[in-house]
Amino acid sequence: MIRVVIADDQALLRGSFRVLVDSEPDLTVVGEAATGVEAVTVALEQRPDVVLMDVRMPEMDGIEAARRLRDVSRVLVVTMFDLDSYVYDALRAGASGFLLKDTPPADLLAAIRVVASGEALLAPTVTRRLIEEFTRTPVLRRVKGLDGVTEREREVLMLIARGLSNGEIVEYLQVSLATVKTHITRLLAKLEARDRAQLVIVAYESGLVSASG
């Protein structure tokens, strides 16, 4: 059973999300929050697998709440604001996915499952926004383990940073899916990244992959 907390300042939306999530046999809502502070409090108490997090909330926004929960639960940001800075800030804060509120219900449910499984929900369009935002406001930092990344792992990381799926990487490199997954597992360990979304952030902020290509 995947345990979910819903954080949104609109009661109607919280109720709608609860009905939707609870309608699935493998999903259950274990808490709700109307503010960022409540979201952190409820998540710390319930330790859910996934927090559906709105961006604009009273007391504390969803970005800061996601940052405080990055080691507690996986955060799936759900917002009506399709702005580059929100994508960048949310992922940099530790969110594992980013969806708009007009996302079809079936896609939202699928996203919860993807994020709960340990994967990141990072579509190519979101990756492009992330790259564009980083190009405007680059923030380079030292990343522990960078020296240990092999040439092949760097190549895989570059493809991930461009938004390619595992299947697309398999076709591009002409290797097996198992090999690609092994490289990704090693990258996660070496770069101390939690998931695919964090690998993209690390790739650009470390300078390992340049925004120009």
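Scope of this entry: the structure provided in the associated data block.

Basis of the calculations
- Residues numbered from 1 in each chain as written.
- Predicted model: local features only at pLDDT ≥ 70, side-chain atom pairs only at ≥ 80, totals over all residues.
- Heavy atoms only, no water.
- Salt bridge = Lys/Arg side-chain N within 4 Å of Asp/Glu carboxyl O.
- Helix = DSSP H or I, 4+ residues; strand = E, 2+ residues; numbered from the N terminus.
- Buried < 20%, exposed > 50% of the residue type's maximum accessible area, 1.4 Å probe, protein only.
- Axes fitted to C-alpha atoms, helices over the stretch in contact; angles between N-to-C directions.
- Parallel < 35°, antiparallel > 145°, perpendicular 65-115°, else oblique.
- Left-handed = near helix turned anticlockwise from the far one by under 90°.
- Contact = heavy atoms within 4.5 Å.
- Nonpolar A, V, L, I, M, F, W, Y, C, P; charged D, E, K, R; others polar.
- Pairing = 2+ DSSP bridges.
- Core = buried A, V, L, I, M, F, W, Y, C linked by side-chain atoms within 4.5 Å.

Quick look at the pattern of salt bridges
- Across all of its chains, the model carries 11 salt bridges by this definition.
- Here Arg-14 ties to Glu-32 by a salt bridge, and the two come within 3.2 Å at their closest N and O atoms. With Arg-14 in helix H1 (residues 11–22) and Glu-32 in strand S2 (residues 27–33), this residue pair connects regions lying 18 residues apart in the sequence.
- Looking at Arg-14, the relative accessible area reads 13%, which means it is buried.

Details of unusual backbone geometry
- Positive phi values are uncommon outside glycine, yet Glu-59 reaches one of about 70°.
- Judged by relative accessible area, which is 64%, Glu-59 ranks as exposed.

Some details on the packing of helix H7 (residues 151–161) against helix H8 (residues 166–173)
- For the pair H7 and H8, the least separation of the axes is 10 Å and the interaxial angle reads 130°. As summarised for this structure, H7 and H8 are arranged oblique, according to the angle between their axes. Here H7 runs over H8; the crossing is right-handed. Residues Arg-152, Glu-155, Val-156, Leu-159 and Ile-160 of H7 pack against Ile-169, Tyr-172 and Leu-173 of H8.
- Classifying every residue of the contact of H7 with H8 by side-chain character gives six nonpolar, no polar and two charged.

Some details on the sheet that holds strand S5 (residues 97–100)
- Here we have five strands laid out as an open sheet, ordered S2-S1-S3-S4-S5, and parallel in their pairing. Sheet topology places S2 and S5 at the edges, where each strand pairs with a single neighbour. Between one strand axis and the next, the sheet turns by 25° as a mean value, whatever way the strands run.
- Across six bridges, the pairing between strand S1 (residues 2–7) and S2 is parallel. Bridge pairing in S2 links Arg-3 to Thr-28.
- Contacting S1, S2 and strand S3 (50–53), helix H2 (residues 36–46) crosses the sheet at an angle of about 135° to S2.

Let's talk about the nonpolar core
- In terms of nonpolar packing, the biggest core is built from 28 residues, with Ala-7, Val-51, Met-53, Leu-69, Val-75 and Val-77 touching the most fellow members.
- Among the secondary structure elements, those contributing two or more residues to this core are S1, H2, S3, helix H3 (62–68), strand S4 (74–79), helix H4 (84–92) and helix H10 (196–205).
- Once residues lying within four places of it in the same chain are set aside, the contact partners of Met-53 are Ala-7, Ala-39, Gly-62, Ala-65, Ala-66, Leu-69, Val-75, Leu-76, Val-77 and Val-78.
- Residues Val-180, Leu-187, Leu-199 and Val-202 belong to the second largest nonpolar core, which totals 20 residues.

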